[in-house]
Amino acid sequence: MPTTALTTETFERTILDHDIVLVDFWASWCGPCRQFAPIYEAAAERHPDVIFGKVDTEAEQALAGALDITSIPTIMAFREGILVFAQPGALPTDVFEDVVSQVKALDMADVRERLAQAQNAGGGCGGCGDCSCGKAADEAASDSHEDHVHEGHVQEADAALASGTGQA
């Protein structure tokens, strides 16, 4: 399945309408982005059950800014609308395949339970109430829900992926 160009207008709907969405934030002038592109395209062909989106950070500066993209390429993975992985840098084929496999294997009931526990334990940004990112309430108040990446989601998923359990 080919990759899908994502824009500010299509990003949120794509994330919410599909079970697994991987997103590559890239720019045409970026050498590592150009090196990673064939790896990403090949993975899209191998995993037709996953949406492989691409965001051109030059054309979609507002979207990249809202998601705090500061390095490219950056790869994000969303599962059931939840950000479960984010990492800057081009990944080798075997490492990227492992990320895709582990995102597919995540126990999302467990992820949601852990997020709820973190929220109930006083975690979260104090702004949107949907994450355990630990952002101060006054800092979160200056962001809209859509304008900050839920770092807590990423940290939990990163820990699960790093441990090799596939369970955040």
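In this report, we go over the structure that sits alongside the text.

1. Description of helix 2 (residues 31-46)
Taking 1.5 Å per residue, 16 residues should reach 22 Å; helix 2 reaches 24 Å between its end C-alpha atoms and fits that length. Its maximal kink placed at Ala 37, helix 2 deviates by approximately 30°, while the proline Pro 38 follows within four residues. Turning to helix 2, its buried residues are Cys 33, Phe 36, Ile 39, Tyr 40, Ala 43 and Ala 44. Lining the buried residues of helix 2 we find strand 2 (20-26), strand 3 (51-56), strand 4 (74-79) and helix 4 (93-105).

2. Here's the deal with helix 1 (residues 8-17)
Given 3.6 residues to a turn, an α-helix orients residues that are three or four positions apart in the same direction. Among all positions of helix 1, only Phe 11, Thr 14 and Ile 15 are buried. Along helix 1, the residues classed as buried sweep out an arc of 95° about the axis, all on the same side. The elements touched by buried residues of helix 1 are strand 2, strand 3, helix 3 (61-66) and strand 4.

3. Some points on the environment of Phe 78
Note on placement: Phe 78 falls in strand 4. For Phe 78 and Leu 16, which are 62 residues apart along the polypeptide, the C-alpha to C-alpha distance reads 8.9 Å.

4. Here we look at the state of the cysteines
Taken as a whole and judged by the stated rule, the model has 1 disulfide. Cys 30 shares a disulfide with Cys 33; S-S distance 2.5 Å. On the sign convention where negative is left-handed, the bridge of Cys 30 and Cys 33, at about 80° about the S-S bond, is right-handed.

Parameters and conventions
Residues numbered from 1 in each chain as written. Predicted model: local features only at pLDDT ≥ 70, side-chain atom pairs only at ≥ 80, totals over all residues. Heavy atoms only, no water. Helix = DSSP H or I, 4+ residues; strand = E, 2+ residues; numbered from the N terminus. Expected span 1.5 Å × (residues − 1). Bend = angle between axes of the 7 residues up to and from the residue. Buried < 20%, exposed > 50% of the residue type's maximum accessible area, 1.4 Å probe, protein only. Contact = heavy atoms within 4.5 Å. Arc of directions from axis to C-beta. Disulfide = S-S within 2.5 Å.

It is worth stressing that arrangement in space is one thing and function is another; only the former is reported here.
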